[in-house]
Amino acid sequence: MGLFILRRLGVMILTALCLTFVVFWLTNLTPNLEKLAKTQGNFRMSDEAVTSYLTNRGYKQSLPQKYGQWLGVLPGYVIEGSDGETRGRCVAFEQPIEEAPRFCGILQNEWGFSTVFKEDVSTIIAKRLALTGKLMFWVMMVMVPGALIIGVLAGMREGSGTDRSLSTVSIISTATPEYVSGVVFIAAFATPLFGMQYFKGTATAAMDDANFINFFLPVITIALYGMGYIARMTRASMTEVMTAQYIRTARLKGVNFRTIVLRHALRNALIAPFTVIMLQFPWLLNGVVIVETLFNYKGFGWTLFQAASNNDIELLLAVSVVSVFVVLVTQLISDIGYVFLNPRIRIS
Amino acid sequence: MTDTTYDGPILEIDKLSISFFTRLREIPAVMDFSATIRPGEALGLVGESGCGKSTVALGVMQDLGVNGRIVGGSIKFKGEEMNTMSRERLRDIRGSQIAMIYQEPMASLNPAMKIGKQLAEVPMIHEGLSESDALARALEVVTDVKLPDPARILKSYPHQLSGGQQQRIVIAMALMSKPSLLILDEPTTALDVTVEAAVVELVKDLGKKYGTSMLFISHNLGLVLETCDRICVMYSGEAVERGSIEDVFDEMQHPYTQALFRSIPLPGANKNARPLIAIPGNFPLPHERPTGCNFGPRCDYFEDGLCNENLPIEMYPVHGNDRHQTRCLRFQEIDWNAPIDVGAQTAKPEPGRVVLKMDNLKKYYEVAANALFGGGDKKVVKANETLSFEAREGETLAIVGESGCGKSTFAKVLMGLETATDGQILLDNKAIQDIPIEERDTKTIADVQMVFQNPFDTLNPSMTVGRQIIRALEIFQVGNSDAERRERMLELLDLVKLPRAFADRMPRQLSGGQKQRVGIARAFAGDARIVVADEPVSALDVSVQAAVTDLLMEIQREHKTTLLFISHDLSIVRYLSDRVMVMYLGHVVELGSTDQVFAPPYHPYTEALLSAVPIADTSITKKHIVLEGDIPSAMNPPSGCPFQTRCGWKSQVANGLCEKEVPPVRILSEGHQVKCHLSDRDLADMEPVIQIAAE
């Protein structure tokens, strides 16, 4: 078990390295850097000014060098600029150069400085992640029980009216992406258009004080998408279990239908959807970007969007690392949880 | 819960008809079926697959699924009509008064629920016992079904038990509420013979102990003979004959029953002197039944204008016998005692030179102890231990043993799918044990071929039959052009007695027996000299088995093929093999000619095997040997003699030698060897297991 987790961690680190290198390379392409210089300096900069701006701030070093510095395995640059000012990567605000540490990468827990928000990346990430965590929590609270109930109800009597109607609902909900359902929900429930203005179209207020009115729409938008998918999986696994011989055994033991479903079928039917639910996490991150931007909920997804559109290199990198971490941790939990749910694997 | 006031028949089925409804048509699965089971009586329901015997059982349970419906007749349980029962009443009866035991024990136990809980559920539902009382009852019943360490078993999950143990749990579950009727649907088909024998004995004993009536469904006539009082033979949805065991076995009054008995290998049948008689033709599909008598087209006594009249044929009572009835219009005209029309007799061919020689072959596997997380200790599975024998041209060598004895591993090594750990395989004095199949030359591959157990899985479902055989011809580099190969393929179809038109058919259009013929044609495509037949007929129905076995024998005689016949079925082995090799846990425990192996002195394991095989002949008496426990795992074999944990003769050997040393190979007589510590005197004192009563 220990070895298994260790191996998983190794994979996780390797994936994070590869992914961040790709992001690093893309954000450090010359046009992106020029754009960065112009947004940070001014838009009417001459080409020479852009070059000196970038050289002075270490952006013109070679890619591996810069990546090494970001990681913290190479010493941070100290450059005496063409404007006479000496800048160092590791120099904090108004700190003399001599006192600055030599290394300042993520290994030293220095996540860098966001050029958009003018704030330390680590504080931004912590704050935004907490907000998204809140959103995700409620999404899960709505999505998982909802999906399982729909799936089990649909799957316990294959081909019945309940099955057909619930399956239709879940297919529709999976087939509608968040940017469609979100817009439809806002139009229907947050505008006076249909006289059903029950909810707020923006979730900005929910960042401090979430309540049903301002938080329901973003939560349901993300939840619906995943709900349909998980419900389909649960239904498939449930129908399969219901035709299994041990269900017939139970029926011919005289067990009533309710008990058959709850006691005999449920646990066996949940083994397959469990993995799916855990795999939904990375997908949820997708939806989070769209929905947070749509509802102006300033969480992790919104930050990712801002960082990407402004070429905020260090913030974007930090977001990537965190995403990789989230995805791989959920996979790990899924594998371990699977073992506990399925006694055949546990004791072999 | 037994109702003591009622003393009529437990179950009365009267003119029951069950149909399945598809979008296309109504498919009658059971027609005009009647049966009565009295208290304490055991009724055997026998027939080939698809004859509707399981449908009858499910009909009694009123559990036919969404498509099935009872379209006529009545089922009375203790005088109470079941067809009109409310769901609640049915639930009350199921599990408490009628219990069922199923074919596949693993599939019928809930994999995610502990055994104890599954057992305790029954009395909790039906008798309202508390959980602790119910568990106490479970413990009692598990002790009753003779499982070791019942307390531990109650706490384990189904997958932690062996197949035999699982079946005992299913039996225990059925007995939890002391039902008055027990339905057993092929309860031992998935089990090994020695385990089967033990389970059957258990069922019989418990039936007596609790006074339970039984409906025993099986395709195995021998098993029914051992367990039941009465028998009902079914064919294509109808009961064709029913009566007491003695009447039906000794004075059968229906041509199908007779044909069925003639197609199973009984002691006395012999491939040369008295070959089996296969039933001609195929089993009719439910929607393609002939008019008149269903068995008509395959019947030897068919009379045009009588048997194919479009009139329902009723069950006619046979006078002089107790409740003996037959569904045959001509049963009074047929001379049932006419001697069997013996088929073509053939001389026993002399075995030729040695083509295959195994010398101290060993095959060990290394397996990781913990499959999911890797690491852990490596364990060595000794699948084959010092295997030595010779096989001659034109000879049939049977390899007998139960699952896990290493017979399939041996086949894999011979075929080149695995390479040997140690020892030699000499094919025409050429060592091939280390050459995997990819590196073998075409000649060697074509020479050593295999016929597989399950014809349903070994044909490519999306390729025509002809194409699959031609493919084999291409691989074996037979023929120079496509036309030549096609011609050869048609000849091969002739060889296995399939119509040439079958070349363009898809495997799904073929019946099981026909598929197996295609498998045989494929194996002989490159004129194989050694054919390994791995249980070639065990997945087939009895009447088809005879035809396929005879075909194999015939081809063998013509081509002088060496046949290595792997089987667990001793009846068929006795029928067709020249020499027999008995394996247990990777060891060859006995090797000799068929006569030597089937007569004393035996190896104790051979003796138990012989006793375990049910024989469908009332004139035979068997010595009763039931082995305790299960076959040990090859991963953790017992010390000393592999068979010592279950051997009944162990006490005869002094000093616990059996536990300390693997016995040496002893030559008892010319060509007969045994691996056993027993003294010569003990071996000489052994009595024959099977005795045919003097007629």
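Residues numbered from 1 in each chain as written. Chains lettered and ligands numbered in written order. Predicted model: local features only at pLDDT ≥ 70, side-chain atom pairs only at ≥ 80, totals over all residues.

For the rest of this paragraph, the subject is the environment of A:Ala49. Residues and elements named next belong to chain A. Of note, Ala 49 is situated in helix H3 (residues 47-56). Its 15 C-beta neighbours within 10 Å are what place Ala 49 among the partly exposed residues. Separated by 11 residues in sequence, Ala 49 and Lys 38 have C-alpha atoms that sit 9.5 Å apart. (Helix = DSSP H or I, 4+ residues; strand = E, 2+ residues; numbered from the N terminus. Buried ≥ 20, exposed ≤ 12 C-beta atoms within 10 Å, placed from the backbone.)

Another aspect to go through is the pairing of strand S18 (residues 448-451) of chain B. Residue and element names in this part refer to chain B. Covered by surrounding structure in S18 are Val 448 and Met 450 together with Gln 449 and Val 451, the residues of both alternating faces. Bridging between S18 and strand S19 (residues 530-534) involves 4 bridges; their strand directions are parallel. Within S19, the position partnered with Gln 449 by the bridge is Val 531. (Pairing = 2+ DSSP bridges.)

Accessible area lost during the coming together of the parts is what is often quoted as the interface size. All names here are of chain A. Looking at the assigned domains, one finds that chain A contains domain 1 (2-108) and domain 2 (121-347). Centre-to-centre separation of domain 1 and domain 2, based on C-alpha positions: 37 Å. Every element with two or more residues in the side of domain 1 that touches domain 2 is listed here: helix H1 (2-27) and helix H2 (30-40). Ranked by residue count, the leading element in the side of domain 1 that touches domain 2 is H1, at 10 residues. When grouped by side-chain class, the residues that make up the side of domain 1 that touches domain 2 number 8 nonpolar, 6 polar and 2 charged. (Domains from an automatic or database assignment. Nonpolar A, V, L, I, M, F, W, Y, C, P; charged D, E, K, R; others polar.)

Now for the packing of helix H7 (residues 178-189) of chain A against helix H10 (residues 257-294) of chain A. Residue and element names in this part refer to chain A. Packing of H7 against H10 brings their axes to within 10 Å, and their N-to-C directions diverge by 25°. Classified by the angle between their axes, H7 and H10 sit roughly parallel to one another. Pair H7 / H10 crosses with right-handed handedness. Residues Glu 178, Tyr 179 and Gly 182 of H7 form the contact with H10, whose participating residues are Gly 287, Ile 290, Val 291 and Leu 294. Taken together, the residues of the contact of H7 with H10 sort by class into 4 nonpolar, 2 polar and 1 charged. (Axes fitted to C-alpha atoms, helices over the stretch in contact; angles between N-to-C directions. Parallel < 35°, antiparallel > 145°, perpendicular 65-115°, else oblique. Left-handed = near helix turned anticlockwise from the far one by under 90°. Contact = placed C-beta atoms within 7 Å.)

Residue and element names in this part refer to chain A. Within helix H4 (residues 63-71), the full set of buried residues consists of Lys 66, Tyr 67, Gln 69 and Trp 70. Buried residues of H4, seen end-on, are gathered within an arc of 160° and therefore sit on one face of the element. Facing away from the buried side of H4, by more than 90 degrees, are the exposed residues Pro 64 and Gln 65. Gly 72, located one to two residues past H4, shows a positive phi value of around 95°. (Arc of directions from axis to C-beta.)

Residues and elements named next belong to chain B. End to end, helix H15 (residues 512-523) covers 17 Å across 12 residues, agreeing with the expected 16 Å (1.5 Å per residue, within 8%). Most of H15 is tucked away: 11 of the 12 residues are buried. Among the residues of H15, those classed as buried are Gly 513, Gln 514, Lys 515, Gln 516, Arg 517, Val 518, Gly 519, Ile 520, Ala 521, Arg 522 and Ala 523. Packed against the buried residues of H15 are S18, helix H13 (465-475), helix H14 (482-495), S19 and helix H16 (542-559). (Expected span 1.5 Å × (residues − 1).)

With that out of the way, let us pick up the sheet that holds strand S25 (residues 672-675) of chain B. Residue and element names in this part refer to chain B. Taken in spatial order, the 8 strands make up an open sheet running S18-S19-S20-S15-S21-S22-S25-S24, and their pairing is mixed. The open sheet terminates on both sides in strands that have one partner only, identified here as S18 and strand S24 (665-669). Neighbour to neighbour, the strand axes of the sheet diverge by 20° on average, direction disregarded. Most of the contacts of H15 go to S18, to which it runs at about 175°, and overall it touches S18 and S19.

Turning to the environment of B:Asp205, a few remarks are in order. Residue and element names in this part refer to chain B. Along the chain, Asp 205 turns up in helix H7 (residues 193-210). For Asp 205, a count of 13 C-beta atoms within 10 Å corresponds to the partly exposed category. Sequence separation between Asp 205 and Val 145 is 60 residues, and the spatial gap between their C-alpha atoms is 9.7 Å.

All names here are of chain B. By the bridge criterion, 8 bridges tie strand S1 (residues 11-21) to strand S4 (residues 68-77) in an arrangement that is antiparallel. Of the residues in S4, the one forming a bridge with Ser 19 is Arg 69. By the bridge criterion, 2 bridges tie S4 to strand S5 (residues 80-81) in an arrangement that is antiparallel. Paired with Phe 77 across the strands is Glu 80, a residue of S5. Adjacent in sequence and paired antiparallel, S4 and S5 are bridged by 2 residues, among which Lys 78 carries a positive phi angle near 50°.

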